[in-house]
Amino acid sequence: MTASAARRAAAACLLLGLSPAGCGGGGGPTSAPSAAPLPTPGPAWNEVAPLRDAAASGGRLIGTALFSSGLANEPAYAGAAGRHFNYVTAEYEMKWDPIEKTPGVFDFSGADAIVAFAEAHGMQVKGHTLVWHNATPAWVSSLSPSDLRSAVQNHVRTVVGHFRGHVRAWDVVNEAIDDTSLGLRSTVFSRGLGDDYVAECFRLARQADPDALLVYNDYGGEGLNRKSDAIYALVKDLRDRGVPIDGVGLQMHLQAWNMPAAADIAANIRRLAALGLRVNISELDVQIRQLPVATKLTQQRQVYHDVIAACLTEPRCEAVTLWGFTDAHSWIDTTFGPDDPLPFDEQYRAKPAYFGVQDALFGR
Ligand code: G3I
């Protein structure tokens, strides 16, 4: 039995109020007296209206994270991506590790394939990400401070230069705020370049591409909380010092059972916009594994709707990017276990969440 079939069977068990183990051991329901109906599958990805049309009706971009092998090998993946989205972020292939595995040797093949797909489908591209403490090759961590500065300069200049004219915006620095201290996270970059490395990286990116929008991207600062205060303080300081920063990415990796208030999300977006910054929801997915089975899909739909509606209350909240679009490919499942966090199911059929996204983009 495939994993997804086992999960559907387990879901059937849960609908019956039985644990998968007590309902045939997860190997699918035994002869249950009256199996509750599984959620009826939605319409296929090519039977529902393009989300990009809904987004365009409000002057927004709707994006997704993508990976090149899916585009090359999975027709439904490529078809749905090209139909529904007008903004693309490389989920992994524009990061330091896959591009410059060894010093000075650059491999843009995966990233170029994603950019080529985007441009063939009238999609804009967001570069993700130039400087991040994850997905950075081990050789970077072993450099002296002066060699590290040279390596960062070379990496940023080479990568931004390579994609100049093809990238609308860059996530220049990702996740620089520490979750506990709410100060600057201690990373190879802060330790090697000093506390002003964030400003240094934005200046490097601007020199390499005078036109791309330069964005600071982070998680956990979606509503009004101590981390969003810290992100606000960081980007306000950069703006006040004339550092070339154009926007903020709020990742929005959400847990439907533990949500910030939509009003707080809207207020946070507004205060960032009041600094003159563009705002984008950069990595939206909505985890539902801890919700009651009977309400998972309706609650997920509501969360997608309310978060995107909060973005649309602010004209400078210009783009919403999903961190993947099909439950067949989500980092959540590989990281936290079966969850189904995205608007299309494993067979690329539209879930209720798809309609929540569409309604919000249409302003409904
Ligand atoms: O493609 C290689 C493969 O060639 C190799 O054999 C294999 C063995 O390690 O690794 C494969 O790369 C993996 C890559 O995803 C592509 O699947 C990496 O190991 C794995 O670490 C990487 O995970 C990504 C992660 O960022 C780290 O870069 C996830 O897909 C991606 O969803 C996740 O996204 C991040 C954002 O960039 C920043 N915000 C948080 C978000 C979730 O962690």
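For every chain, the first residue of its written sequence is number 1, and the numbers climb from 1 along that sequence. Only residues with pLDDT of 70 or above have their local features reported here, since the model is predicted, and side-chain atom pairs are shown and tallied only from 80 upward, although totals for entire chains, interfaces and linings are computed over all residues. Excluded from the side-chain calculations are hydrogens and water; all other atoms, namely the structure's heavy atoms, are used.

What to know about the overall build of the protein chain
(1) Moving on: Per the secondary structure count, the protein chain includes 15 helices and nine strands.
(2) Moving on: Burial statistics for the protein chain: of 364 residues in total, 53% are counted as buried.
(3) Moving on: For the protein chain, long-range pairs separated by at least 24 residues make up 76% of all intrachain contacts whose partners lie at least 6 apart in sequence. Helix and strand assignments follow DSSP, with helices taken as H or I runs no shorter than four residues and strands as E runs no shorter than two, numbered in order from the N terminus. In this scheme, a residue with accessible area under 20% of its type's maximum is buried, one over 50% is exposed, and one in between is partly exposed, where area comes from a 1.4 Å probe on protein chains only. Note on contacts: a residue pair qualifies if any of its non-hydrogen atoms lie within 4.5 Å across the two residues.

Concerning the site of the ligand
(1) Moving on: Lining the immediate environment of the ligand, one finds 13 residues, of which Glu91, Lys95, His128, Glu175 and Glu283 sit closest.
(2) Moving on: Any pair of N or O atoms that falls within 3.5 Å is considered a polar contact. Within protein, one atom must be able to donate a hydrogen and the other to accept it, and sequence-neighbouring residues count only if both atoms are side-chain atoms. A distance of 2.9 Å separates a nitrogen atom of the ligand from a polar side-chain atom of Glu175.
(3) Moving on: Within the side chain of Trp323, an N or O atom sits 3.0 Å from an oxygen atom of the ligand.
(4) Moving on: For the ligand, whose accessible area on its own is 780 Å², the fraction buried by protein is 48%.
(5) Moving on: Note that Gly is not counted as nonpolar here; it falls among the polar residues with everything else outside the nonpolar set of Ala, Val, Leu, Ile, Met, Phe, Trp, Tyr, Cys and Pro and the charged set of Asp, Glu, Lys and Arg. For the shell around the ligand, the residue count by class is five nonpolar, four polar and four charged. Working definition: residue near molecule or strand if any one of its non-hydrogen atoms lies within 4 Å of it. Surface exposure here means Shrake-Rupley accessible area, sampled with a 1.4 Å probe, where a residue is shielded only by the protein chains that are shown.

Quick word on the environment of Val156
(1) Moving on: Within the secondary structure, Val156 sits in helix α8 (residues 145-163).
(2) Moving on: Counting along the chain gives 27 residues from Val156 to Thr129, while the straight-line C-alpha distance between them is 9.9 Å.

Describing unusual backbone geometry
(1) Moving on: Following His128, the chain continues into Thr129 via a peptide bond in cis, with omega recorded as -15 degrees.
(2) Moving on: Counting through the fold element by element, Thr129 comes out in strand β3 (residues 124-131).
(3) Moving on: For Ala135, which is not glycine, the phi dihedral falls at a positive 55 degrees.
(4) Moving on: With respect to the element layout, Ala135 can be found in the loop between β3 and α7 (138-141).
(5) Moving on: Of note in this structure, Leu182 is not a glycine but carries a positive phi near 65 degrees.

Observations regarding the layout of surface pockets
(1) Moving on: Every definition here rests on a 1 Å grid over the protein atoms only: cavities are sets of points where a 1.4 Å probe fits but cannot get out, pockets are open sets enclosed by protein on both sides within 12 Å along at least five of seven lines, and lining residues have some atom within 4 Å of a point. Grid points are joined across faces, edges and corners, and a volume is the space filled by probe spheres set on the points. Empty space within the second largest pocket amounts to approximately 260 Å³.
(2) Moving on: Glu222, His253, Leu254, Gln255 and Asn258 are the residues nearest the centre of the second largest pocket, which is lined by 14 residues in total.
(3) Moving on: Contributions of two or more residues to the lining of the second largest pocket are made by β7 (253-255) and α14 (331-336).
(4) Moving on: In terms of residue class, the lining of the second largest pocket is made up of six nonpolar, seven polar and one charged.

Let's talk about empty space enclosed by the protein
(1) Moving on: Under the counting rule described, the total for this entry stands at one cavity of 30 Å³ or more.
(2) Moving on: By volume, the largest cavity is sized at about 80 Å³.
(3) Moving on: Along its surface, the largest cavity is lined by 14 residues, and Arg168, Ala169, Val215, Asn280 and Glu318 are the ones closest to its centre.
(4) Moving on: Take the lining of the largest cavity: its biggest share by element is three residues, from strand β8 (residues 278-287).

Notes on helix α11 (residues 226-240)
(1) Moving on: With 15 residues, α11 should reach 21 Å at 1.5 Å per residue; the first-to-last C-alpha distance of 21 Å fits that figure.
(2) Moving on: Among the residues making up α11, those that are buried are Lys227, Ser228, Ala230, Ile231, Leu234, Val235 and Leu238. The buried residues of α11 all sit within an arc of 160 degrees when viewed along its axis, so they share a single face. For α11, exposure combined with an orientation more than 90 degrees from the buried face picks out Arg226 and Asp240.
(3) Moving on: Turning to α11, the residues buried within the fold contact α10 (197-208), β5 (213-218), β6 (247-250) and α12 (262-273).
(4) Moving on: Here α11 starts with a cap whose side-chain oxygen sits 3.0 Å from the backbone nitrogen of Lys227, and that cap is Asn225.
(5) Moving on: With its phi angle positive at about 80 degrees, Gly242 sits one or two positions after the end of α11. Here a helix's expected span is defined as the number of its residues, less one, multiplied by 1.5 Å. Think of it as the arc spanned by the lines of direction from the helix axis to the C-beta atoms.

Description of the state of the cysteines
What we call a disulfide is simply a covalent bond connecting the sulfur atoms of a pair of cysteines.
(1) Moving on: The disulfide criterion used throughout: a pair of cysteine sulfur atoms within 2.5 Å. This model, assessed by the stated rule, comprises one disulfide.
(2) Moving on: Shown here is the disulfide that connects Cys311 with Cys317, its sulfur atoms set 2.1 Å apart. The disulfide joining Cys311 to Cys317 has a torsion of about -110 degrees about its S-S bond and is therefore left-handed.
(3) Moving on: Look at Cys311 and you get buried, because its relative accessible area is 0%.
(4) Moving on: Residue class for Cys317 comes out buried when judged on its relative accessible area of 0%.

So, the pattern of salt bridges
(1) Moving on: Here, a salt bridge means any Lys or Arg side-chain nitrogen found within 4 Å of an Asp or Glu carboxyl oxygen. All chains considered together, the criterion is met by 16 salt bridges.
(2) Moving on: Arg271 is the partner of Asp229 in a salt bridge, and the nearest nitrogen-oxygen pair spans 2.9 Å. One end of the pair, Asp229, is in helix α11; the other, Arg271, is in helix α12, with 42 residues separating them in the sequence.
(3) Moving on: Asp229 sits in the partly exposed class, given a relative accessible area of 39%.
(4) Moving on: The shortest N-O distance in the salt bridge between Asp240 and Lys236 comes to 2.7 Å. Here Asp240 and its partner Lys236 are both found in helix α11, four residues apart, which amounts to about one turn of the helix.

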